[in-house]
Amino acid sequence: MRDSIQREVVVKAPQERVWHVLTEPAQVARWFGQRAEFELREGAPARFRWDDYGWFSARIERVEPPTSFCFRWAEDPDRPLEDSPSTLVEFTLTANHDGTTTVRVVESGFARFPTERQRAAYEEHVDGWQLELDELVALIDALPEAATP
Amino acid sequence: MMARTPAPSAPSATEHAVFLALADDTRRELLERLVRHGAISASALARDLPITRQAVGKHLDTLQRARLVRAHKTGREVRYEPQLAPLRHASTWMDGLARQWDDRLGRLASLAETGTVTPGDEPST
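Quantities reported herein were computed from a predicted structural model and do not represent experimental measurements.

How each quantity is defined
Residues numbered from 1 in each chain as written. Chains lettered and ligands numbered in written order. Predicted model: local features only at pLDDT ≥ 70, side-chain atom pairs only at ≥ 80, totals over all residues. Heavy atoms only, no water. Helix = DSSP H or I, 4+ residues; strand = E, 2+ residues; numbered from the N terminus. Buried < 20%, exposed > 50% of the residue type's maximum accessible area, 1.4 Å probe, protein only. Contact = heavy atoms within 4.5 Å. Areas by Shrake-Rupley, 256 points an atom, 1.4 Å probe, with all protein chains shown as cover. Pairing = 2+ DSSP bridges. Axes fitted to C-alpha atoms, helices over the stretch in contact; angles between N-to-C directions. Salt bridge = Lys/Arg side-chain N within 4 Å of Asp/Glu carboxyl O. Phe/Tyr/Trp six-rings, centres within 6.5 Å; stacked < 30°, edge-to-face > 60°. Lys NZ or Arg CZ within 6 Å of the ring centre and 35° of its normal.

**Q** I would appreciate a short explanation of the overall build of chain A in the present structure.
**A** Summing up its helical and strand segments, chain A has 4 helices and 7 strands in all. Traced from its N-terminal end to its C-terminal end, chain A shows the element sequence β-α-α-β-β-β-β-β-β-α-α. Counting across all 149 residues of chain A, residues that qualify as buried make up 50%. Taking contacts inside chain A between residues at least 6 apart in sequence as the whole, the part at least 24 apart equals 35%. Counting every atom, chain A has about 7,400 Å² of accessible surface; 47% of that belongs to carbon and sulfur.

Encoded structure:
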């Protein structure tokens, strides 16, 4: 496991149609949150709303129809993107021979400093590393129960 | 009532601390050694590592701040004991996030295939 989540789904629809659902704000609001407002262009500001939480600021980072769509979004609601920890969400669409489309999503950047103060407290720079949590968890799970404090 | 779109789940301070503490090869190595050998001293930990005893101490401090390690004083010796709950907690959080994405991708697939979200999954507006 890196400091990222990767998931995949095979959609029984052509790539162009999947791209439309993936990137059209009115469609996005039906599968990601309850509202979505953005212009489909790199660098454009965006925001997504979950009624129970508020608006989450975002920025469109990459638009390469019909294969690649990427945005950075804030972890904290109702705050500018710059003032909140944020993660990067990258979608990749692949057309399959049988007419289906594979959608892969990678969300990354969970293991960065929530605040500059915390970064200072760590006195080191750890951008760009990988978190191999799964190896550690596997090791722990393999231990006899008595050996785990 | 219709199911709501699951809200985003930001990592808590605890998870952040765990991710950060494990963002370093040496600290992961140290934690693995502690898990394998149980509670041992910083000197014993440092013995066959290419880093100084002081560097090991600094890394152990970081692991302690993330509550992944606890120091135990026995006489004059301090032994470090691995604490696995925060690690499991972080792992569970990652699993929850993976499920959220599965739900979102499921709705996206349904929209692309049928033009509607599967009944029960439709987010309320």
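The rest of the description comes next.
**Q** Whenever I open this one, the sheet that holds strand E3 (residues 45–50) of chain A confuses me. Can you help?
**A** Note: strands within a sheet are paired through backbone hydrogen bonds, in either parallel or antiparallel orientation. Read from one edge to the other, the open sheet built from 7 strands follows the order E1-E7-E6-E5-E4-E3-E2 (chain A), with strand pairing classed as antiparallel. Sheet topology places strand E1 (4–11) and strand E2 (35–38) of chain A at the edges, where each strand pairs with a single neighbour. Shown here is a sheet whose adjacent strand axes are inclined to one another by a mean of 20 degrees, direction ignored. Of the pairings in the sheet, the one linking E3 of chain A to strand E4 (residues 54–64) of chain A comprises 6 bridges and is antiparallel in character. Bridge pairing in E4 of chain A links Pro-45 of chain A to Arg-59 of chain A. Seen against the sheet, helix H1 (residues 15–23) of chain A touches E1, E2, E4, strand E5 (68–74), strand E6 (86–95) and strand E7 (101–108) of chain A and runs at an angle of roughly 160 degrees to E6 of chain A. Here helix H5 (residues 85–114) of chain B sits on the sheet and contacts E1, E3, E5, E6 and E7 of chain A; the angle it forms with E1 of chain A, its principal contact strand, is near 25 degrees.

**Q** Looking at this structure, how should I read unusual backbone geometry?
**A** Glycine aside, residues mostly have negative phi, and peptide bonds are mostly found in the trans state. All names here are of chain A. Put simply, Pro-65 and Pro-66 share a cis peptide bond, and its omega is -5 degrees. Counting through the fold element by element, Pro-66 comes out in the loop between E4 and E5. The phi dihedral of Asp-78 is positive, around 55 degrees, even though this residue is not glycine. On the secondary structure map, Asp-78 appears in the loop between E5 and E6. Here Asp-78 falls in the exposed class, since its relative accessible area comes to 54%.

**Q** Whenever I open this one, the pattern of salt bridges confuses me. Can you help?
**A** When charged atoms on two side chains of opposite charge get close, those side chains can pair. Going through the model one piece at a time under the given rule, you end up with 13 salt bridges over all chains. The salt bridge involving Arg-35 of chain A is made with Glu-37 of chain A; its shortest N-O contact spans 3.2 Å. Using a relative accessible area of 31% as the deciding quantity, one classes Glu-37 of chain A as partly exposed. For Arg-79 of chain B, the salt bridge goes to Glu-77 of chain B, with nearest N and O atoms at 3.1 Å. Among the ionic contacts, a cluster of salt bridges with common partners joins Arg-35, Glu-37 and Arg-47 of chain A.

**Q** Quick question: what am I supposed to make of the side chain of His-59 of chain B here?
**A** Assignment of secondary structure puts His-59 of chain B in helix H4 (residues 53–65). If we skip the residues at most four places from it in the chain, His-59 of chain B touches Asp-24, Thr-26, Arg-27, Leu-30 and Ile-51 of chain B.

**Q** Help me out: how do you make sense of the packing of aromatic side chains in this one?
**A** For any pair of aromatic rings, the description consists of the separation of the ring centres together with the inter-plane angle of the planes. In the structure shown here, the tally under the stated rule is 21 aromatic pairs over all chains. When the centroid spacing of 6.3 Å and the interplanar angle of 80 degrees are considered together, the rings of Trp-19 of chain A and Phe-69 of chain A count as edge-to-face. With a gap of 50 residues between them, Trp-19 of chain A in helix H1 and Phe-69 of chain A in strand E5 connect regions that are remote in the sequence. The burial state of Trp-19 of chain A is the same as that of Phe-69 of chain A; both residues are buried. Look at Trp-50 of chain A and Phe-56 of chain A: their rings are 5.5 Å apart centre to centre, the planes differ by 85 degrees, and that puts the pair in the edge-to-face class. Grouping residues by exposure puts Trp-50 of chain A and Phe-56 of chain A together as buried. Three or more aromatic residues joined by ring pairs make a cluster, and in this case those are Trp-19, Trp-31, Phe-32, Phe-38, Phe-48, Trp-50, Phe-56, Phe-69, Phe-71, Trp-73 and Phe-91 of chain A together with Trp-101 of chain B. One cation-aromatic arrangement involves Arg-47 of chain A over Trp-55 of chain A; the distance from NZ or CZ to the ring centre is 3.7 Å.

**Q** Mind showing me how you'd approach the sheet that holds strand E2 (residues 69–74) of chain B here?
**A** Residue and element names in this part refer to chain B. Read across the open sheet, the 3 strands follow the order E1-E3-E2; overall the sheet is antiparallel. Looking along the sheet, the strands with just one partner apiece sit at the ends: strand E1 (40–41) and E2. Taken together, the 6 bridges between E2 and strand E3 (residues 77–82) define a ladder with antiparallel strand orientation. Within E3, the position partnered with Arg-70 by the bridge is Glu-81. Sheet contacts for helix H2 (residues 25–37): E1, E2 and E3; angle to E3, the most-contacted strand, approximately 95 degrees.

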